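Here are the chains, one letter per residue:
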Amino acid sequence: MSFPPQIKVPATYMRGGTSKGAFFRLQDLPEACQVPGEARDKLLLRVIGSPDPYEKQIDGLGNATSSTSKTVILAAPTQPDHDVDYLFGQVSIDKPFVDWSGNCGNLTAAVGAFAINGGFVAQERIPENGVCTVRIWQANIKKTIVAHVPITDGEVQETGDFELDGVTFPAAEVKIEFMDPADGEGSMFPTGNLVDDLEVPGVGTLKATMINAGIPTIFVNAEDIGYNGSELQGDINSDPKALAIFETIRAHGAVKMGLINDIAEAANRQHTPKVAFVAKPVDYVSSSGKQINACEVDLLVRAMSMGKLHHAMMGTAAVAIATASAIPGTLVNQAAGGGDRTEVTFGHPSGTLRVGAEAKEVNGQWTATKAIMSRSARIIMEGWVRVPQDSL
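Residues numbered from 1 in each chain as written. Predicted model: local features only at pLDDT ≥ 70, side-chain atom pairs only at ≥ 80, totals over all residues. Heavy atoms only, no water.

Here the focus is the overall build of the protein. Summing up its helical and strand segments, the protein has 6 helices and 21 strands in all. Relative to the 2.2 N^0.38 estimate, which gives 21 Å for 392 residues, the radius of gyration of the protein is 20 Å and therefore close to what a compact globule would have. The principal-axis extents of the C-alpha atoms in the protein amount to approximately 60 × 55 × 45 Å. Counting only residues that meet the buried cut, the protein has 54% of its 392 residues in that class. Taking contacts inside the protein between residues at least 6 apart in sequence as the whole, the part at least 24 apart equals 64%. For the protein, the exposed surface amounts to about 16,400 Å²; the carbon and sulfur share of it is 49%. (Helix = DSSP H or I, 4+ residues; strand = E, 2+ residues; numbered from the N terminus. Rg over C-alpha atoms; globule rule 2.2 N^0.38 Å. Buried < 20%, exposed > 50% of the residue type's maximum accessible area, 1.4 Å probe, protein only. Contact = heavy atoms within 4.5 Å. Areas by Shrake-Rupley, 256 points an atom, 1.4 Å probe, with all protein chains shown as cover.)

For G49, the position within the fold is in the loop between α1 (38–48) and β3 (70–75). For the pair G49 and F178, spaced 129 residues apart in sequence, the C-alpha separation works out to 31 Å. For G49, the residues in contact, after removing those within four places along its chain, are Q57, D59 and G60.

A few words on helix α5 (residues 315–325). Within α5, 11 of the 11 residues are buried, which leaves the element mostly enclosed by the surrounding structure. All buried positions along α5 are accounted for by G315, T316, A317, A318, V319, A320, I321, A322, T323, A324 and S325.

Following the criterion strictly, the structure yields 4 aromatic pairs and no others. A centroid spacing of 5.4 Å and a plane angle of 50° characterise the contact between F23 and F114, whose relative ring orientation is tilted. Taken as a pair, F23 in strand β2 (residues 19–25) and F114 in helix α2 (residues 105–117) lie far apart in primary sequence, 91 residues in all. For F23, a relative accessible area of 0% gives the class buried. Lying over the aromatic face of W384, K8 brings its terminal NZ or CZ to 4.4 Å of the ring centre. Across the ring face of Y284, the terminal group of R302 is positioned such that the distance to the ring centre comes to 4.7 Å. (Phe/Tyr/Trp six-rings, centres within 6.5 Å; stacked < 30°, edge-to-face > 60°. Lys NZ or Arg CZ within 6 Å of the ring centre and 35° of its normal.)

Put into structure tokens, the structure is as follows:
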């Protein structure tokens with residue numbers, strides 16, 4: 001019996017923020033995978049090692065967490081005054097599907113560097129020394145993101161002394177601007193309210209801020225669901241009942257936000273919306289053993305990603321946090337002490353993060369003009385990834 005050989009596809013494995021993923025140039029993919037569809041999804045699933053009933057992704061590049069089961073495809077820009085198109089695919093760990101419904105804010109930090117290295121940015125726009133501004137079109141959500149990538153001797157500078165909680169080693173700082181991060185197709189608050197009463201069977205009626213900025217996110221108060229906001233991954237992820245409650249909140253919130261028509265559809269839309277719970281500051285010890293004092297942060301936030309508590313904070317959820325904190329009356333703003341603010345520092349399981357946002361009210365509707373944060377990124381490995389030919 002003969003078996004078809006493996007094929008090899010040019011790829012780069014990169015860390016961006018607190019996430020890792022496989023990066024591809026569209027033109028390097030097999031021809032059948034250069035367009036959306038089953039062939040592309042099968043390729044990316046096999047690259048990452050999914051679906052894996054053991055939930056380990058041993059036979060692929062994934063590391064069995066939502067932060068590492070990720071893929072990125074970059075292509076020539078389809079929009080004027082942009083350098084590159086960025087398409088993100090969140091790969092399910094145990095199921096055979098790729099979720100294309102949202103962005104990955106953490107990996108955005110690596111997109112700028114990959115775009116420069118991949119030849120998408122015109123050479124004359126890359127300084128010999130300084131900062132290269134990369135204009136990114138986020139194709140999933142149809143938004144502009146601007147990455148400010150440090151350059152030394154004409155090359156991307158990856159090493160540095162910028163420290164990011166959730167990442168073990170320091171690296172060069174990459175500043176990211178999410179332009180007009182709210183949903184362009186509807187209200188930033190899909191229900192029209194800053195705070196809603198969300199009825200969740202088996203849980204009760206929860207106060208919730210449901211916002212679409214960066215990524216659709218449902219914020220609830222920690223105390224309303226029995227927490228104080230200082231929880232670490234083990235406190236949530238080892239509790240099947242808690243995970244089921246969060247998924248129920250997510251499903252019913254998704255219906256109320258108009259993202260799905262029926263709660264049954266939530267199972268095939270794992271990437272969005274996110275669920276996060278907020279609380280006023282308290283002292284706690286982060287997952288790395290670092291002491292976080294209440295006086296160091298404005299509020300505490302914990303967020304769920306792909307059914308588990310995230311080890312730090314998703315970049316897109318950080319955009320939602322920054323935006324909601326800038327709008328008086330939201331649960332995020334209330335937890336941060338209320339009032340007008342253009343930046344906020346919040347505590348997450350791995351430490352703290354400072355993010356900024358600009359929001360304004362126009363004709364009774366809130367809109368966000370910009371969200372800003374710093375991340376870091378670096379190439380971990382580059383070359384080819386191999387997949388069995390018959391898997392496509």
